[in-house]
Amino acid sequence: MNFRAIWAIYTFEMSRFFRTLLQSFVSPVISTSLYFVVFGAAIGSRIDQVEGVSYGAFIVPGLIMLSVMTQAISNASFGIYFPKFIGTIYELLSAPINFLEVVLGYVGAAATKALFIGIVILGTSALFVDLTIQHPVAMLLFMVLTCISFALFGFIIGIWARNFEQLQLVPLLIVTPLVFLGGSFYSISMLPPVWQTVTLFNPVVYLISGFRWSFYGLADVPIGLSLLAIAGFTALCLGIIWWIFRTGWRIRS
Amino acid sequence: MTQMAPIVRIKGLEKAYDTGFQALKGVDLDIEEGELLALLGPNGAGKTTLISAVCSLTIPTGGTVTVGGHDVVRDYRAARDLIGLVPQEINLEPFEKVMNTVRFSRGLFGKRRDDAYLERILRQLSLWDKRDAKIMELSGGMKRRVLIAKALSHEPRVLFLDEPTAGVDVELRKEMWDTVRMLKADGVTIILTTHYIEEAEAMADRVGVINKGEMLLVEAKSRLMERMGQKHLTIELHEPIQTIPDSLSDFDLTLLEDGRALVFAYDTRQERTGITKLLTELQAAGIVLRDLQTTQSSLEDIFVGLVQEDAA
């Protein structure tokens, strides 16, 4: 294992993050505050409690997940796409490193950034609503696993993308709709029965459900199923990345 | 004294693309430790593909490459550890600082951080004053030297330079040549690609000529330059002649078929080319000249010549 290489990639990626720390910190704070003003105060005041939790508090897990997923994807996809775009990828290909080391460096950094933003949003939320976290360890576990699995997914997108448009395409057309329709801002039980069934095909539902359970003990689907879903998604992404490096798909001709 | 094993050994290396294009057609090449080998060939000859296959940027479809005895595919860590690569394009992150990017390269190769060593490289490449400058603030020549510094950061034994002077003005080219000579003096084995004969001439110990994915020949520079130094003087005559006068038999002359022109082949690197003597003799023989014209074999001509020799 080339630990120095992992560390070199990780710190190199993180330094980009630290250069824009203020921006990285301020933008999630502002966007979260806006959500609370709109959904929590303006609209939320007209909505009854959802399963015994105030609407403002109910949306916190979904809000965190929304940001964590999109941040993990965009950080990881950009992280690996950028060297491809400017040509510095040659160095990764000619260095004595294997796929796991490259992934640990890039995905590790992207997941760290997403985790940081998730925690910032959690902290901001606490300023607006009364938060209870019934299962803090599970909460952290879910958040970390989501950061990692979506960073892996983003890494795949970054390798797949041939231009900046494609880089934005998957997050915009697939991930954002899945997250919005995945129960970020509502409970699945609020939907008509047919749509409840359809929703169960959305993998994001399992993540948000499990994450919300760790806060309020409320879950749309069994918690074990949530864990299984995220483990499966992580394994699938790792498998795809292993295949990418083995065949050199879109990186090594 | 026994011959040391070559540091790089390329055997039957092939690269075919999905499109069916065969970029390398079974290349064999041994590179000795400490030498400077220039790979000479026109654009599209397969120079970059060859380097890419050795440096793991591309996956060969046949043959083997070993570096320091390590197979570049099976034993990639040990092999890549010995190789430094300077790409043809200026592939650098524009917002990064010089020292950071060089330090990153060293880390990527799994080497312990050693700022004293990196300082020595940067000083040697006249980049030390720019260590905290962002890449985008540097001139073109400096950026190329940053690429070299990155390639040297992990103390490789073999350095590949892919067209180090492509698209570079004359002054920078000379500067680059000095840099390469300095690296060679440090004992690094260097393989560089170029399509300039003068570049190979200025630096190489040996020259490999590659065209259409085939290694046409690899030989000591001095021998190759002899072949390439040939020039032709065409002498158009006022009146056609039937035979070359005996007094001119010492010269390498050919009479063109209609007898209206003589072609004199000579070597530009000789102390005396014999032109003055030839012209004097011509006058003595009473031959009246109409026009003179000299042509030098272009690289293309030489390639054609080599291919024909190959076939013969």
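Residues numbered from 1 in each chain as written. Chains lettered and ligands numbered in written order. Predicted model: local features only at pLDDT ≥ 70, side-chain atom pairs only at ≥ 80, totals over all residues. Heavy atoms only, no water.

Undergrad: Teacher, can you tell me more about the overall build of chain B here?
TA: A count of helices and strands for chain B gives 10 helices and 14 strands. Along the longest, intermediate and shortest principal axes, the C-alpha atoms of chain B span 80 × 45 × 45 Å. The 312 residues of chain B split such that 48% are buried. Long-range pairs, those at least 24 residues apart, make up 68% of the contacts in chain B with a sequence separation of at least 6. As presented, chain B carries roughly 15300 Å² of accessible surface, and 47% of it is formed by carbon and sulfur atoms. Between the averaged position of the 39 positive side-chain charges in chain B and that of its 49 negative side-chain charges there is a distance of 8 Å. (Helix = DSSP H or I, 4+ residues; strand = E, 2+ residues; numbered from the N terminus. Buried < 20%, exposed > 50% of the residue type's maximum accessible area, 1.4 Å probe, protein only. Contact = heavy atoms within 4.5 Å. Areas by Shrake-Rupley, 256 points an atom, 1.4 Å probe, with all protein chains shown as cover. Lys, Arg positive; Asp, Glu negative; His and termini not counted. Charge placed at Lys NZ, Arg CZ, Asp CG, Glu CD.)

Undergrad: Is there a simple way to think about the interface of chain A and chain B in this case?
TA: Many analyses report the size of an interface as the accessible area lost when the parts associate. With 25 residues of chain A at the interface, the matching set in chain B holds 30 residues. Between chain A and chain B lies a buried interface of about 2600 Å² when both sides are counted; carbon and sulfur atoms form 56% of it. If you look at where chain A meets chain B, you find 4 salt bridges. Measuring nitrogen to oxygen at the nearest pair gives 3.1 Å for the salt bridge that ties B:Lys150 to A:Glu91. On inspection of chain A and its partner chain B, the count reaches 12 residue pairs in polar contact (both at pLDDT 80 or more). The set of elements that each furnish at least two residues to the side of chain A that touches chain B consists of α1 (3–19), α3 (55–86) and α4 (89–94) of chain A. Considering every element that reaches the side of chain A that touches chain B, the biggest residue donor is α1(A), with 7 residues. A per-class count over the side of chain A that touches chain B returns 12 nonpolar, 7 polar and 6 charged. (Buried area = accessible area lost by both parts, 1.4 Å probe. Salt bridge = Lys/Arg side-chain N within 4 Å of Asp/Glu carboxyl O. Polar contact = N/O pair within 3.5 Å; in protein donor to acceptor, adjacent residues only side chain to side chain. Nonpolar A, V, L, I, M, F, W, Y, C, P; charged D, E, K, R; others polar.)

Undergrad: Looking at this model, I keep getting lost on the nonpolar core. Mind explaining?
TA: The tendency in soluble globular proteins is for nonpolar side chains to be buried side by side. In this structure, A:Phe155, A:Phe245 and B:Val67 are the most contacted members of the largest nonpolar core, which totals 143 residues. No other element matches α3(A), which puts 15 residues into this core. One finds B:Leu233, B:Phe251, B:Leu253 and B:Leu278 within the second-largest nonpolar core, a separate group that totals 13 residues. (Core = buried A, V, L, I, M, F, W, Y, C linked by side-chain atoms within 4.5 Å.)

Undergrad: Any chance you could explain the environment of A:Ser184 here in plain terms?
TA: Residue and element names in this part refer to chain A. Topologically, Ser-184 is positioned in the loop between α7 (164–180) and α8 (193–199). Along the sequence, Ser-184 and Ile-208 sit 24 residues apart, while their C-alpha atoms lie 6.7 Å from each other. In terms of polar contacts, Ser-184 uses its side chain to reach the backbone carbonyl oxygen of Val-179, at 2.6 Å.

Undergrad: It is not clear to me how the sheet that holds strand β13 (residues 261–267) of chain B should be interpreted in this structure. Could you clarify?
TA: In any sheet, the strands associate via hydrogen bonds between backbone groups, in a parallel or an antiparallel arrangement. Residue and element names in this part refer to chain B. Taken in spatial order, the 4 strands of this open sheet run β12-β13-β11-β14, and their pairing is antiparallel. Strands at the two margins of the open sheet, each flanked by one partner only, are β12 (253–255) and β14 (289–296). Pairwise comparison of adjacent strand axes, ignoring direction, gives a mean angle of 20° for this sheet. As paired elements, β12 and β13 share 3 bridges and run antiparallel to each other. Paired with Thr-254 across the bridge in β13 is Val-263. (Pairing = 2+ DSSP bridges. Axes fitted to C-alpha atoms, helices over the stretch in contact; angles between N-to-C directions.)

Undergrad: How should helix α2 (residues 21–43) of chain A be read in this particular structure?
TA: In an α-helix there are 3.6 residues to a turn, and that puts residues three or four apart on one side. All names here are of chain A. With 23 residues, α2 should reach 33 Å at 1.5 Å per residue; the first-to-last C-alpha distance of 32 Å fits that figure. Largest kink in α2: about 25°, centred on Phe-36. Along α2, the residues classified as buried are Ser-24, Pro-28, Thr-32, Ser-33, Phe-36 and Gly-40. (Expected span 1.5 Å × (residues − 1). Bend = angle between axes of the 7 residues up to and from the residue.)

Undergrad: Would you mind showing me how to read the layout of surface pockets here?
TA: As a volume, the largest pocket reaches approximately 680 Å³. Forming the walls of the largest pocket are 28 residues, and the residues nearest its centre are A:Gln23, A:Gln71, A:Ser74, A:Asn75 and A:Phe78. Secondary structure elements with two or more residues in the lining of the largest pocket: α1, α2, α3, α5 (99–128) and α7 of chain A. A total of 9 residues in the lining of the largest pocket trace back to one element, the largest contributor, which is α3(A). Here the lining of the largest pocket is built from residues that sort into 10 nonpolar, 14 polar and 4 charged. A:Phe245, A:Arg246, A:Arg252, B:Tyr76 and B:Arg80 are, among the 23 residues lining the second largest pocket, the residues nearest its centre. For the lining of the second largest pocket, the secondary-structure elements that each account for two or more residues are α4, α5 and α10 (223–247) of chain A together with α2 (76–81) of chain B. A per-class count over the lining of the second largest pocket returns 17 nonpolar, 3 polar and 3 charged. (1 Å grid on protein atoms, 1.4 Å probe; cavity = no way out; pocket = protein on both sides within 12 Å on 5 of 7 lines; lining within 4 Å. Points joined across faces, edges and corners; volume = space filled by probe spheres on them.)

Undergrad: Would you take a moment to explain the pairing of strand β4 (residues 62–67) of chain B for this structure?
TA: The two faces of the sheet receive side chains in turn, since in a regular strand these alternate between them. All names here are of chain B. Sheet analysis places strand β1 (residues 8–16) next to β4, joined by 5 bridges and oriented antiparallel. Bridge pairing in β4 places Glu-14 opposite Gly-62. As consecutive antiparallel partners, β4 and strand β5 (residues 70–71) are separated by 2 residues, and within that stretch Gly-68 has a phi angle of approximately 60°, a positive value.

Undergrad: Explain unusual backbone geometry to me, please; I cannot follow it from the model alone.
TA: Most peptide bonds take the trans configuration, and most residues that are not glycine carry a negative phi. The residue A:Glu51 is not glycine, and still its phi comes out positive at about 45°. Of note, A:Glu51 is situated in the loop between α2 and α3. According to the relative accessible area criterion, A:Glu51 is partly exposed, its value standing at 43%. One non-glycine residue, B:Glu155, lies in the positive phi region at around 55°.

Undergrad: So what exactly am I meant to see when it comes to a nonpolar patch on the surface here?
TA: All names here are of chain A. Together, Val-37, Val-38, Ile-43, Ile-47, Leu-127 and Phe-128 line one region of the surface with nonpolar side chains, adding up to about 530 Å² of accessible area. Among the secondary structure elements, those contributing two or more residues to the nonpolar patch are α2 and α5. For the nonpolar patch, the leading source of residues is α2, giving 3 residues. Along the chain, Ile-43 falls in helix α2. (Patch = residues over 30% accessible without salt bridge, like charges linked within 9 Å, V, L, I, M, F, W, Y side chains within 5 Å.)

Undergrad: Is there a simple way to think about empty space enclosed by the protein in this case?
TA: It is the rolling of a water-molecule-sized probe over the atoms that shows where space remains empty. Applying the stated criterion across every chain, the model contains 6 cavities of 30 Å³ or more. Roughly 130 Å³ of volume is contained in the largest cavity. In terms of lining, the largest cavity is formed by 14 residues, of which the most central are A:Phe12, A:Thr88, A:Tyr106, B:Glu93 and B:Phe104. Put simply, the parts of the chain that give the lining of the largest cavity at least two residues each are α1, α3 and α4 of chain A together with α3 (98–108) of chain B. Here the second largest cavity is characterised by a volume of approximately 60 Å³. What lines the second largest cavity is simply A:Tyr90, A:Glu91, A:Ser94, B:Gly84, B:Leu85, B:Phe109, B:Lys150, B:Ala151 and B:His154. Among the secondary structure elements, those contributing two or more residues to the lining of the second largest cavity are α4 of chain A together with β6 (83–86) and α5 (140–152) of chain B. It is α4(A) that provides the largest number of residues to the lining of the second largest cavity, a total of 3 residues.

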